[in-house]
Amino acid sequence: MTLNEKKFIETALLSDLRIDGRGPFDYRNVAIKFGREDGSSEVQLGQTHVMGFVTSQLVQPYRDRPNEGTLSIYTEFSTMADPSFEIGRPGVFAVELGRIVDRGLRESRAVDTESLCVVAGKWVWSIRIDLHILDNGGNLVDAANIAALVALLTFRRPECTLGGDNDQEVIIHSPEVREPLPLIVHHFPVAITFAFIGSESTVVIDPSNFEEAVMGGKLTATLNTNGDVCAIQKAGGDGVVQSVIMQCLRIASVKAADITNKIKKAVESYNTERALRKIKRHPDPVVDVSKGAGMGVRSLSIEMEKTRLEIEDRKVNRSDDREIETHSSKKTGSRDPYSKGINGDELKASLASRAAATSVEKMDVLPSVKTQFTMIDKTPTEMDSTPSLQQTIEAGEQTIKVKTLMDAVKPKHRRKKKTYPNHDLS
């Protein structure tokens, strides 16, 4: 920053004005988001953007604390967040950030580490918090502390049991088998940072990146809703009067209570959404029925209506299949279920009418209708060589046509015999 920009910031603070329009003790808006997996959080404090992620692993405990798990915090500064951040080895500010957050969470006993013990002296859970700085807009300590706290509240570790021959073998159950367990958090330590700017040590809360460039010192106080001071960090060369420190602690207590309420509301909404996702992922018929107790009658009526429609569809399909089978049997002539109830004389008359219609269409091949009637009244010997009347009916239309052609050929021989009456047949 140039000298004129620094002078402008200091002069504006003398009139209780800040370059972003806030008052000296106005905190920026805190936006909390969650990832798809448990234990992932994303906090945005003004232009500052920090992401937290919590993982767990079974390790051997420390010798001096065989019944307690471990909690460690690691920070990663991206060069995209600020050009001053270097790649590779963390700088002094990165180490300081990790220590302030670690002091506020681990040394204040916010997380119950004794509940992380699986086998005393052999296996305990090691909780690791990774903080990724995505954008540096000032006051990284507060944003990183909130991201770490929210990630711990939404994290679920796998449930494990002891098995084997001597009950010393640890069996880790998957989330599909047993529901993961949340961490036990006793209180919510929230970090509040103050900056001292100018020769008169003007105090401002939640400094931006421009105000951090001109400040002579800063104070970070970590408190919970009970008013307990979990940790204090004073950085910078400028000295601070005791009365100013007490004033900062009183202001920090009020701001910590407001941020804690936001964190609780965000975590409750996340747990509600997670419970809904759990029901969809693991459907339980008992849970599905109980959750809709108010609409039980309506749901039952809907199910009964669906069942009735399915039964009607099955009946319609069966009737359609029967009709298709009936039409196909009539066409193929394999079986006629209605042939038993038909009179024989009517069948002869209908057969004769069909033969007459066919003779009209084909005059050059078929004989007259009178010849057809003569052919129907044949002798029993001639009927034996031709298909019977019942076989003709079962054969269908094609068989009737063939029989008519055969009958059309035989009367020609009779006409030949009639043309030579004086012929000696002996």
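Residues numbered from 1 in each chain as written. Predicted model: local features only at pLDDT ≥ 70, side-chain atom pairs only at ≥ 80, totals over all residues. Heavy atoms only, no water.

Undergrad: So what's going on with the overall build of the chain? Residues and values would help.
TA: The number of helices and strands found in the chain is twelve helices and 14 strands. The buried share of the chain, reckoned over its 426 residues, is 35%. Long-range contacts, defined here as pairs at least 24 residues apart, represent 72% of the contacts in the chain between residues at least 6 apart. Counting only carbon and sulfur atoms, one obtains 53% of the accessible surface of the chain, whose full area is about 26,700 Å². (Helix = DSSP H or I, 4+ residues; strand = E, 2+ residues; numbered from the N terminus. Buried < 20%, exposed > 50% of the residue type's maximum accessible area, 1.4 Å probe, protein only. Contact = heavy atoms within 4.5 Å. Areas by Shrake-Rupley, 256 points an atom, 1.4 Å probe, with all protein chains shown as cover.)

Undergrad: Could you give an account of the packing of helix 2 (residues 92–105) against helix 3 (residues 140–154), naming the residues involved and the relevant values?
TA: Between helix 2 and helix 3, the least distance of the axes is 10 Å, while the angle of their chain directions is 45°. Relative to helix 3, helix 2 is oriented oblique. By crossing handedness, the relation of helix 2 to helix 3 is classed as right-handed. Packed against helix 2, whose contacting residues are Phe-93, Leu-97, Ile-100, Val-101 and Leu-105, the element helix 3 presents Leu-140, Val-141, Ala-144, Asn-145, Ala-148, Leu-149 and Leu-152 at the interface. Across the contact of helix 2 with helix 3, the residue classes tally to eleven nonpolar, one polar and no charged. (Axes fitted to C-alpha atoms, helices over the stretch in contact; angles between N-to-C directions. Parallel < 35°, antiparallel > 145°, perpendicular 65-115°, else oblique. Left-handed = near helix turned anticlockwise from the far one by under 90°. Nonpolar A, V, L, I, M, F, W, Y, C, P; charged D, E, K, R; others polar.)

Undergrad: Residues and numbers for unusual backbone geometry, please.
TA: Even without a glycine there, the phi angle at Asp-16 is positive, about 60°. Note that Asp-16 resides in the loop between helix 1 (3–14) and strand 1 (30–34). Located in the positive-phi region is Asp-206, a residue other than glycine, with phi close to 55°. Asp-206 sits in the buried class, given a relative accessible area of 0%.

Undergrad: Residue-level account of the environment of Val-203, with values.
TA: By secondary structure assignment, the location of Val-203 is in strand 12 (residues 202–205). Val-203 sits 16 residues away from Leu-219 along the chain, and the two C-alpha atoms are 9.9 Å apart.

Undergrad: Lay out the nonpolar core in plain terms, naming residues and giving numbers.
TA: In this structure, Ile-129, Leu-152 and Ile-263 are the most contacted members of the largest nonpolar core, which totals 63 residues. In terms of residues, this core owes the most to one element, helix 3, which gives twelve residues. Excluding residues that lie within four positions of it along the chain, Ile-263 makes contacts with Ile-32, Ile-146, Leu-149, Val-150 and Leu-153. Ile-9, Leu-13, Ala-195 and Val-204 belong to the second largest nonpolar core, which has six residues in total. (Core = buried A, V, L, I, M, F, W, Y, C linked by side-chain atoms within 4.5 Å.)

Undergrad: An account of the sheet that holds strand 11 (residues 190–197) is needed here, citing residue identities and associated values.
TA: Read across the open sheet, the four strands follow the order 12-11-13-14; overall the sheet is antiparallel. At either end of the open sheet lies a strand with only one pairing partner, and these are strand 12 and strand 14 (229–236). Strand-to-strand, the axes of this sheet are offset by a mean angle of 20°, without reference to chain direction. Pairing geometry for strand 13 (residues 215–223) and strand 14, over seven bridges, is antiparallel. Bridging across to strand 14, Ala-221 finds its partner in Ile-232. (Pairing = 2+ DSSP bridges.)

Undergrad: Can you break down a nonpolar patch on the surface residue by residue, with the values?
TA: On the surface, a cluster of nonpolar side chains totalling about 400 Å² of accessible area is made up of Met-1, Phe-8, Ile-19 and Phe-210. Topologically, Met-1 is positioned in the segment before helix 1. (Patch = residues over 30% accessible without salt bridge, like charges linked within 9 Å, V, L, I, M, F, W, Y side chains within 5 Å. Salt bridge = Lys/Arg side-chain N within 4 Å of Asp/Glu carboxyl O.)

Undergrad: Quick rundown of the pairing of strand 13? Include the residues and the values.
TA: Extensive coverage of strand 13 is indicated by the burial of seven of its nine residues. The pairing of strand 11 with strand 13 spans eight bridges and is antiparallel. Residue pairing across strands places Val-190 opposite Leu-223, the latter belonging to strand 13. Following strand 13, the chain reverses through five residues before pairing antiparallel with strand 14; Gly-227 in that reversal takes a positive phi of roughly 85°.

Undergrad: An account of the confidence of the model for the chain is needed here, citing residue identities and associated values.
TA: The predicted model of the chain has a mean per-residue pLDDT of 75, with 65% of residues at 70 or higher. Helix 3 holds the highest mean pLDDT among the elements of the chain, 94, whereas helix 6 (residues 285–291) holds the lowest, 38. Counted against residues more than four places away or in other chains, residues 280–300, with its pLDDT under 50, gives six contacts. Across residues 392–406, confidence stays below pLDDT 50; counting only partners more than four residues off in sequence or on other chains, it has 17 contacts. (pLDDT = per-residue confidence, 0-100.)

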